[in-house]
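# Structure at a glance
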Amino acid sequence: MSLPGIYFGVESDFYRLGPSRREFILAAGKDHGRNYRTFLEAVADLDAEVVLLCASWNIDGLRIPPNVTVMGVVDHLRYRTLLQQAALVVTCVNPDYV
């Protein structure tokens, strides 16, 4: 079943809504335009579980707060499951990255 809307660059059959939600925030991406320093500082004092999917070099030298679970890079099926389950998905972009 497809939802009504405009889909640009999204595989709407594969990335569909999942059957269950959990209470966690998900951030993902391993390109050079990610700003995980600001993101980790922002979530450090939250009373929320945070899951981070990224390459190790994305977070080298950064302090990982205790409420953040770094899962590294996962396969596309695990990624889809996490997207489906997350209460909130955050894209951490560096506005100065070109």
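First, a word on scope: everything that follows refers to the structure included in this document. This is a predicted model, so every value here is computed, not measured. (Residues numbered from 1 in each chain as written. Predicted model: local features only at pLDDT ≥ 70, side-chain atom pairs only at ≥ 80, totals over all residues. Heavy atoms only, no water.)

### Points about the overall build of the protein chain
Each helix and strand counted, the protein chain has two helices and four strands in total. Listing the helices and strands of the protein chain from first to last along the sequence gives β-α-β-β-α-β. Out of the 98 residues belonging to the protein chain, those deemed buried represent 31%. Taking as baseline every contact in the protein chain between residues at least 6 positions apart, the subset at least 24 positions apart corresponds to 63%. Per element, the accessible surface of the protein chain, about 6,700 Å² overall, is 55% carbon and sulfur. (Helix = DSSP H or I, 4+ residues; strand = E, 2+ residues; numbered from the N terminus. Buried < 20%, exposed > 50% of the residue type's maximum accessible area, 1.4 Å probe, protein only. Contact = heavy atoms within 4.5 Å. Areas by Shrake-Rupley, 256 points an atom, 1.4 Å probe, with all protein chains shown as cover.)

### Quick word on helix H2 (residues 76-85)
Within H2 the residues assigned to the buried category are Arg80, Leu82, Gln84 and Gln85. In the core, the buried residues of H2 are packed alongside strand S1 (24-28) and strand S2 (49-53). For H2, the N-terminal capping position is held by Asp75, with its side-chain oxygen 2.9 Å away from the main-chain nitrogen of Leu77. (Polar contact = N/O pair within 3.5 Å; in protein donor to acceptor, adjacent residues only side chain to side chain.)

### Focus: the sheet that holds strand S4 (residues 88-90)
Taken in spatial order, the four strands line up as S3-S2-S1-S4 in an open sheet, and their pairing is parallel. Sheet topology places strand S3 (68-70) and S4 at the edges, where each strand pairs with a single neighbour. Put simply, the sheet's adjacent strands are angled 25° from each other on average, direction ignored. Across three bridges, the pairing between S2 and S3 is parallel. Bridge pairing in S3 places Val50 opposite Val68. Strands S1, S2, S3 and S4 of the sheet are contacted by helix H1 (residues 36-43), whose axis makes an angle of about 165° with S2. (Pairing = 2+ DSSP bridges. Axes fitted to C-alpha atoms, helices over the stretch in contact; angles between N-to-C directions.)

### A closer look at the pairing of S2
Among the five residues of S2, four are classified as buried, and the element is accordingly described as predominantly covered. Note: S1 against S2, five bridges, orientation parallel. The partner of Ala27 across the bridge, within S2, is Leu52. With respect to chirality, the unit in which S1 leads through H1 into the neighbouring parallel S2 is right-handed. (Right-handed = clockwise from strand over helix to strand, strands pointing away.)

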